[in-house]
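# Fold and contact review
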Amino acid sequence: MKVTSIESILCDAGWRNYFFLKICTDKGIVGWSEYDEGFGSPGVGAIIEQLGKRLVGQNVHDHERFFQEASCLTRPAPGSVIAQAMGAIENALLDAKAKDLGVPCYELLGGKVRNHIPVYWSHCATWRINHPALYPPAITDLEGVKRAAAEVKQRGFSALKTNLFIFDEGDAYAWRPGFAVPFAPALNVDRKLIGNVQRQLEALRSGAGPDVDILIDFNFNAKPEGMLKLLRAIADVDIFWVETDSFNAKALAYVRDHSPHPIASCETLIGVRGFMPFLEHQAVDVAIVDTVWNGVWQSMKIAAVCEAHDVNIAPHNFYGDLCTMMNVHFAAAVPNLRIMETDVDRLPWENELFTHQPEFRDGQLVVPDRPGWGTEPVEAALRARPPKSTGGLLQYKRAG
């Protein structure tokens, strides 16, 4: 089965865009994947277009050969958006190959080791604070945070994750200096932020009760000194993990050595080589793997190296429903799974964009047995929602 064409299709997704890759074949089978340009990765589509010219006429089943050839062709500039383009193509090839064989994608990964995927409700309160028109009810204070946490429990989820916020009188806003919101490149942590984080966690625990796990994401919003200040301030809080990011493996290892809570990280890393320093320096308790960036086949290699270092993994998953389904197959097949990220707050029109939505049962994701990823975009619905000119991180204006 040969590739006949490759095309990117974009659509409006509220505060961002969704990005899809469509690979057509000479047997009429179509392979799909979802990728992203909004999370600090502008230009992935342009690289897909260039690499795709080399893909036309090649055997869909030979996805590892494509990866190795593309790696050779881009060797002077590895990683980053080039690797993400390769991952998007690999994922679409996996979908087409599985459909050709009439099997779910997890069969290509060694078969499933679990039928249900433990998940946490990601961006709990976050989307309702940042994008209230798209994800009601709007949250403007800590009482709203408490109600959101109570909803997590009521709907049967066992864990939630939140982000950093400042709660002023009648207002709440994200604290994201690592992404220039506000523009404060020193990334200092002050008393105001610490007090807000403490009160936010208290509200979440009050709403969720004692049996729901709480995760918090510092992201790139602090340097090690600031991370440690925050960690000391929440030392007595029951936390499942603290997620934080650094490109310095030794620095993150130092933070982990002094943290009262487990440390999860690595969501922006590419390939086995990118993960190795963090594993060798024992910088993480849980390694977060982005299969959308790396490709699911390559992500299995990353997970295997993590397993060799006695580290469990967690899929990074905050995109559209196709990405969730791609990650479900990865999570079903990988032995050393800790938990999977998923966004429960969705756009009002989300169910129009895909043939099947992720299925939750008792707060866990059900692994589908349909061929390929088990869902695919509805092309007419995508084209009916033209993309924004900018979205994601690039839509924000820099403050200060």
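All values derive from a computational prediction rather than experimental measurement. (Residues numbered from 1 in each chain as written. Predicted model: local features only at pLDDT ≥ 70, side-chain atom pairs only at ≥ 80, totals over all residues. Heavy atoms only, no water.)

Another point: the nonpolar core. Of all hydrophobic cores here, the largest spans 128 residues; its most connected members are Ile89, Ile117, Leu160, Phe275 and Ile313. Per-element accounting of this core gives the leading share, eleven residues, to helix α3 (residues 80–101). Of the residues that make up this core, three or more belong to each of domain 1 (2–102) and domain 2 (108–373). Other than its neighbours up to four places away in sequence, Ile313 contacts Val286, Ala287, Val289, Ala303, Cys306, Phe330, Val334, Asn336, Leu337, Arg338 and Ile339. (Core = buried A, V, L, I, M, F, W, Y, C linked by side-chain atoms within 4.5 Å. Buried < 20%, exposed > 50% of the residue type's maximum accessible area, 1.4 Å probe, protein only. Helix = DSSP H or I, 4+ residues; strand = E, 2+ residues; numbered from the N terminus. Domains from an automatic or database assignment. Contact = heavy atoms within 4.5 Å.)

What follows is about the pattern of salt bridges. A pair can form between side chains of opposite charge whenever their charged atoms are brought close. Summed over all chains, the structure comprises 23 salt bridges. The partner of Lys301 in a salt bridge is Glu64, and the shortest N-O contact between them spans 3.1 Å. Here Glu64 lies in helix α2 (residues 63–73) and Lys301 lies in helix α11 (residues 296–308), a separation of 237 residues in the sequence. Where Glu352 meets Arg385, a salt bridge forms, and the shortest distance between an N and an O atom there is 4.0 Å. (Salt bridge = Lys/Arg side-chain N within 4 Å of Asp/Glu carboxyl O.)

If you trace the backbone, Thr375 turns up in the loop between β15 (364–366) and α13 (379–383). For Thr375, a relative accessible area of 3% translates into the label buried. Of note is the side chain of Thr375, whose polar atom sits 3.3 Å from the side chain of Thr355. Among the polar contacts listed, one links the side chain of Thr375 to the backbone oxygen of His356, at a separation of 2.7 Å. Beyond its immediate chain neighbours, meaning those up to four positions away, Thr375 contacts Leu322, Met325, Phe354, Thr355 and His356. (Polar contact = N/O pair within 3.5 Å; in protein donor to acceptor, adjacent residues only side chain to side chain.)

Here we have three strands laid out as an open sheet, ordered β1-β2-β3, and antiparallel in their pairing. Each having just a single partner strand, β1 (3–13) and β3 (30–35) make up the two edges of the open sheet. Adjacent strand axes in the sheet meet at a mean angle of 20 degrees, parallel and antiparallel pairs treated alike. Here six bridges tie strand β2 (residues 16–25) to β3, and the two strands are oriented antiparallel to one another. Within β3, the position partnered with Lys22 by the bridge is Trp32. Its contacts with the sheet put α3 on β1, β2 and β3, and the angle it makes with β3 is roughly 145 degrees. (Pairing = 2+ DSSP bridges. Axes fitted to C-alpha atoms, helices over the stretch in contact; angles between N-to-C directions.)

Of note, Ile166 is situated in strand β6 (residues 165–168). Considering only alpha carbons, one finds Ile166 and Lys192, 26 residues apart in sequence, at a separation of 7.9 Å. In contact with Ile166, other than residues within four places in its own chain, are Asp171, Ala172, Tyr173, Trp175, Lys192, Leu193 and Asn196.

So, on to the pairing of strand β4 (residues 116–121). Taken together, the three bridges between β4 and β15 define a ladder with antiparallel strand orientation. Bridge pairing in β15 links Ile117 to Leu365. With three bridges joining them, β4 and strand β13 (residues 340–342) adopt parallel strand pairing. When the sheet's bridge partners are listed, Val119 is paired in β13 with Met340.

Note that every value here comes from positions in space, so none of it alone points to a role or purpose.
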